[in-house]
Amino acid sequence: TTYGGALVLLCVWGEGEIDAVEQVYINDEAISGFVEVAHYLGTESQAVDPTLAAAFAAAGLVYADTLPGIAYTVVRVPPKKNTGFPEVSARIRGRKVPATDGGTPAYSTVPAYIIADLITNTTYGLGALVDWDDVAALATRNNATVGSPAEARNVLSVSIDQRATAEQWLVTLADYAGCIPVKEGDTYRLILDAPSSSVATIEKGDVVEGSLRWESRAPAEAPTVIEVGHTDTSSTPWRDDSVFIYAPGAETGVIDRRVSKVSKPGIQRYSEAYR
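Residues numbered from 1 in each chain as written. Predicted model: local features only at pLDDT ≥ 70, side-chain atom pairs only at ≥ 80, totals over all residues. Heavy atoms only, no water.

S.K.: Can you tell me about helix H4 (residues 166-177), naming the residues and giving the values?
M.R.: Between its terminal C-alpha atoms H4 stretches 16 Å, which fits the 16 Å expected from 12 residues at 1.5 Å a residue. Here H4 has its buried residues at Ala166, Trp169, Leu170, Leu173, Ala174, Tyr176 and Ala177. Viewed end-on, H4 has its buried residues packed into an arc of 150°, placing them on one side of the element. Residues of H4 that are exposed and point over 90 degrees away from its buried face: Val171 and Asp175. Those residues of H4 that are buried lie in contact with helix H2 (111-120), helix H3 (132-143), strand E12 (179-184), strand E13 (187-192) and strand E16 (259-263). Residue glycine 178 follows H4 closely and has a positive phi angle near 75°. (Helix = DSSP H or I, 4+ residues; strand = E, 2+ residues; numbered from the N terminus. Expected span 1.5 Å × (residues − 1). Buried < 20%, exposed > 50% of the residue type's maximum accessible area, 1.4 Å probe, protein only. Arc of directions from axis to C-beta. Contact = heavy atoms within 4.5 Å.)

S.K.: Hey, could you go over the confidence of the model for the protein chain for me, with residue numbers and the actual values?
M.R.: Per-residue pLDDT for the protein chain has a mean of 93; in total, 99% of the residues score no lower than 70. Averaged over each element, pLDDT in the protein chain is lowest for strand E4 (residues 29-30) (90) and highest for strand E9 (residues 129-130) (98). (pLDDT = per-residue confidence, 0-100.)

S.K.: Could you give an account of the packing of H2 against H4, with specific residues and numbers?
M.R.: Working note: a packed helix pair is described by the angle between its axes plus the distance between those axes. Axis separation between H2 and H4 bottoms out at 9 Å; the angle between their running directions is 170°. Between H2 and H4, the angle falls in the class roughly antiparallel. Of H4, the residues touching H2 (which contributes Pro111, Ile114, Ile115, Leu118 and Ile119) are Ala166, Trp169, Leu170, Leu173, Ala174 and Ala177. (Axes fitted to C-alpha atoms, helices over the stretch in contact; angles between N-to-C directions. Parallel < 35°, antiparallel > 145°, perpendicular 65-115°, else oblique.)

S.K.: Describe the environment of valine 21, with residues and values.
M.R.: Its location among the elements puts valine 21 in strand E3 (residues 18-26). Using a relative accessible area of 13% as the deciding quantity, one classes valine 21 as buried. Residues valine 21 and alanine 54, spaced 33 residues apart in sequence, show a C-alpha to C-alpha distance of 23 Å. When near neighbours in sequence (up to four residues on either side) are disregarded, valine 21 contacts Trp13, His39, Leu41, Thr73, Ala90, Arg91 and Ile92.

S.K.: Describe in detail the sheet that holds strand E2 (residues 6-15), supporting the description with residues and values.
M.R.: Sheet architecture is open: four strands sit in the order E1-E2-E6-E5, paired in antiparallel fashion. The open sheet has two edge strands with one neighbour each: strand E1 (2-3) and strand E5 (36-41). Where E1 lies against E2, two bridges are found, and the strand directions are antiparallel. Considered in E2, the bridge of threonine 2 is made with leucine 7. (Pairing = 2+ DSSP bridges.)

S.K.: I'd love a proper account of the side chain of serine 108, names of residues and values included.
M.R.: Looking at the element boundaries, serine 108 is found in the loop between strand E8 (106-107) and H2. Reaching out from serine 108, the side chain makes a polar contact with the backbone nitrogen of valine 110 at a distance of 3.0 Å. The residues contacting serine 108, other than those within four sequence positions of it, are Val97, Tyr113 and Ile114. (Polar contact = N/O pair within 3.5 Å; in protein donor to acceptor, adjacent residues only side chain to side chain.)

S.K.: Give a detailed account of the sheet that holds strand E15 (residues 239-246), specifying residues and quantitative values.
M.R.: Taking strand neighbours across the sheet as the criterion, the three strands line up as E15-E14-E16 in an open arrangement whose pairing is mixed. In the strand order of this sheet, the two ends are held by E15 and E16, each with one partner. Across this sheet, the average inter-strand angle for adjacent strands is 25°, counted without regard to direction.

S.K.: Explain the pairing of E15 residue by residue, including any values.
M.R.: Relative to E15, strand E14 (residues 225-232) runs antiparallel, the two sharing eight bridges. Considered in E15, the bridge of threonine 231 is made with aspartate 240. Where E14 folds back on E15, the antiparallel hairpin that results is connected by six residues.

S.K.: A description of the side chain of threonine 231 should follow, citing residues and the corresponding values.
M.R.: Note that threonine 231 resides in strand E14. Overall, the relative accessible area of 11% leaves threonine 231 in the buried class. Setting aside residues no more than four positions away along its own chain, threonine 231 makes contact with Trp238, Arg239, Lys264, Pro265, Ile267 and Gln268.

S.K.: Outline the environment of glycine 69, supporting the account with residue identities and numerical values.
M.R.: Note on placement: glycine 69 falls in the loop between helix H1 (50-58) and strand E6 (70-77). The class of glycine 69 is buried, set by a relative accessible area of 3%. Sequence separation between glycine 69 and serine 45 is 24 residues, and the spatial gap between their C-alpha atoms is 8.3 Å. Apart from the residues lying within four places of it in its own chain, the contact partners of glycine 69 are Gly14, Glu15, Gly16, Gly42, Thr43, Glu44 and Gln46.

Shown next as structure tokens:
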């Protein structure tokens, strides 16, 4: 809407409670002092935005929506900055998630905790139970230091911004975390995708007849180059980037290049994309 000659926008970032809105951009440029913003982090008790209330009141209408549980920003763009409808974006520190069963939610980039929140959340998640011992074991592996200089093995920063089932998103996030989600009864277990992380005895009665299908790929069809897409945060706005891994001879042309692409926008480090 408009108010006092200025353009007033309500920009929804997502499901709250989030930790912070770090920066707002208009047309990919950080906002100046001429642009007014008010942030709401998605608590259940947040107040009505006064600018929106005043703008609606000026039109003889009542605005009283507190948008509980929704993280958003109200942006007021003055006339001299309003050169057409602006594209507004933001860099946020996202949802607060618990690290233990019943723990106090806090901002985290540990994939294990983000997955546990997706499984247990009753609004956008599965509304199911998770094995918190598995969550702790997965978090330990995510946080284990690797490389030189040393860094945590897995961190995750991703927007769930496309329509899919919670089960589909669980599979996507589990891939970032390096785990295999398995439902046992009414509880989800997170099995580490690592050597010796799970040992089981499989007997004939455990196998459904006809359920196993083997496929093989001809050597001439096997990829010789892997392209891993990730997010480069070194510039503003952030941009897509890629890491390439070559089979011996593929980079020099000794063997044919057959590229297999893997998209990992939730990875923000070249080193992790390379691993």
